[in-house]
Amino acid sequence: MGDCIFCKIINGEIPSKKLYEDDKVYAFYDINPEAPIHFLVIPKEHIESANALNENNVNIVAHIFNVINKLAKETKIAESGYRIVNNCGQDGGQTVEHLHFHVLGGRSLQWPPG
Ligand code: AMP
Ligand code: ZN
């Protein structure tokens, strides 16, 4: 989509610290990390948020979780644990309108969130 920063990251217009890529998804480190390990996994298809998931595109979420499983092992947070976060919409704190899953680990995380 025209001015979507995550679409621009996928097509290389904006640089990123890439962790993983395949034909369907792209994973990269968050520019403003909230934990020692903080990366984002996004679909290459521009899907605005969890609200835009439907039976035609929801399979991407299963693939994203499979990729997260693999990347958690590679970044050595699988054993100690981690948090997968999806912020949806204004009250959810979503700032980039391209579906993304945060993966945070490498320290003990607080619960509940603020
Ligand atoms: P959210 O608030 O859930 O929409 O998360 C958006 C995330 O994208 C934030 O954690 C930002 O730090 C991150 N972010 C924004 N721009 C970039 C970028 N150019 N490269 C990497 N991460 C980014
Ligand atoms: Zn996009």
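Residues numbered from 1 in each chain as written. Chains lettered and ligands numbered in written order. Predicted model: local features only at pLDDT ≥ 70, side-chain atom pairs only at ≥ 80, totals over all residues. Heavy atoms only, no water.

Where an unreviewed UniProt entry is consulted, the protein appears under the name HIT family hydrolase, diadenosine tetraphosphate hydrolase, with the organism given as Clostridium saccharoperbutylacetonicum N1-4(HMT).

**Student:** Summarise the site of ligand 1; cite the residues concerned and give the values.
**Tutor:** Near ligand 1 you find 16 residues, and of these D30, N87, T95, H100 and H102 are the closest. Within the contact set of ligand 1, an oxygen atom lies 2.8 Å away from a side-chain nitrogen or oxygen of H100. Within the complex, the protein chains bury 83% of what would otherwise be the 500 Å² of accessible surface of ligand 1. If you list the elements that add at least two residues to the shell around ligand 1, you get α1 (5-10) and β2 (25-29). The greatest single-element share of the shell around ligand 1, amounting to three residues, is contributed by α1. Residues belonging to the shell around ligand 1 are distributed by class as follows: eight nonpolar, seven polar and one charged. (Near = heavy atom within 4 Å. Polar contact = N/O pair within 3.5 Å; in protein donor to acceptor, adjacent residues only side chain to side chain. Areas by Shrake-Rupley, 256 points an atom, 1.4 Å probe, with all protein chains shown as cover. Helix = DSSP H or I, 4+ residues; strand = E, 2+ residues; numbered from the N terminus. Nonpolar A, V, L, I, M, F, W, Y, C, P; charged D, E, K, R; others polar.)

**Student:** Pulling in residues and values, what's your account of the packing of aromatic side chains?
**Tutor:** Under the defined criterion, the tally for this structure stands at four aromatic pairs. Between the aromatic rings of F6 and F28, the centroid separation amounts to 5.4 Å while the plane-to-plane angle is 80 degrees, which identifies the pairing as edge-to-face. A residue pair is termed long-range when its members are at least 10 positions apart, and F6 in helix α1 and F28 in strand β2 qualify at 22 residues. A centroid spacing of 5.7 Å and a plane angle of 80 degrees characterise the contact between F65 and F101, whose relative ring orientation is edge-to-face. Of this pair, F65 sits in helix α2 (residues 59-74) while F101 sits in strand β5 (residues 101-105); the two residues are 36 residues apart in sequence, bridging distant segments of the chain. When its relative accessible area of 39% is taken as the criterion, F65 is described as partly exposed. Residue classification places F101 among the buried residues on the basis of a relative accessible area of 7%. Ring pairs connect the aromatic residues F6, Y26 and F28, which therefore count as one cluster. (Phe/Tyr/Trp six-rings, centres within 6.5 Å; stacked < 30°, edge-to-face > 60°. Buried < 20%, exposed > 50% of the residue type's maximum accessible area, 1.4 Å probe, protein only.)

**Student:** Give a description of the coordination of the zinc ion (ligand 2) that names residues and reports values.
**Tutor:** The coordination sphere of the zinc ion (ligand 2), as far as protein atoms go, consists of C4 (SG), C7 (SG), H46 (ND1) and H98 (ND1), spread over 2.0 to 2.3 Å. Viewed at the metal, the four donor atoms of the zinc ion (ligand 2) are separated by angles of 106 to 117 degrees, and the geometry they form is tetrahedral. Judged by its relative accessible area of 11%, C7 is buried. (Donors = N, O, S within 2.8 Å, 3.2 Å for Na, K, Ca; no water. Tetrahedral: all angles 85-135°; square planar, octahedral: opposite > 155°, others 65-115°.)

**Student:** Break down the environment of A27 for me, citing the residues and quoting the values.
**Tutor:** Tracing the sequence through the fold places A27 in strand β2. In this structure the C-alpha to C-alpha distance between A27 and I10, which are 17 residues apart in sequence, comes to 9.2 Å. Dropping the residues within four chain positions of it, A27 is found in contact with K17, K18, L19, Y20, L40, V41 and L71. (Contact = heavy atoms within 4.5 Å.)

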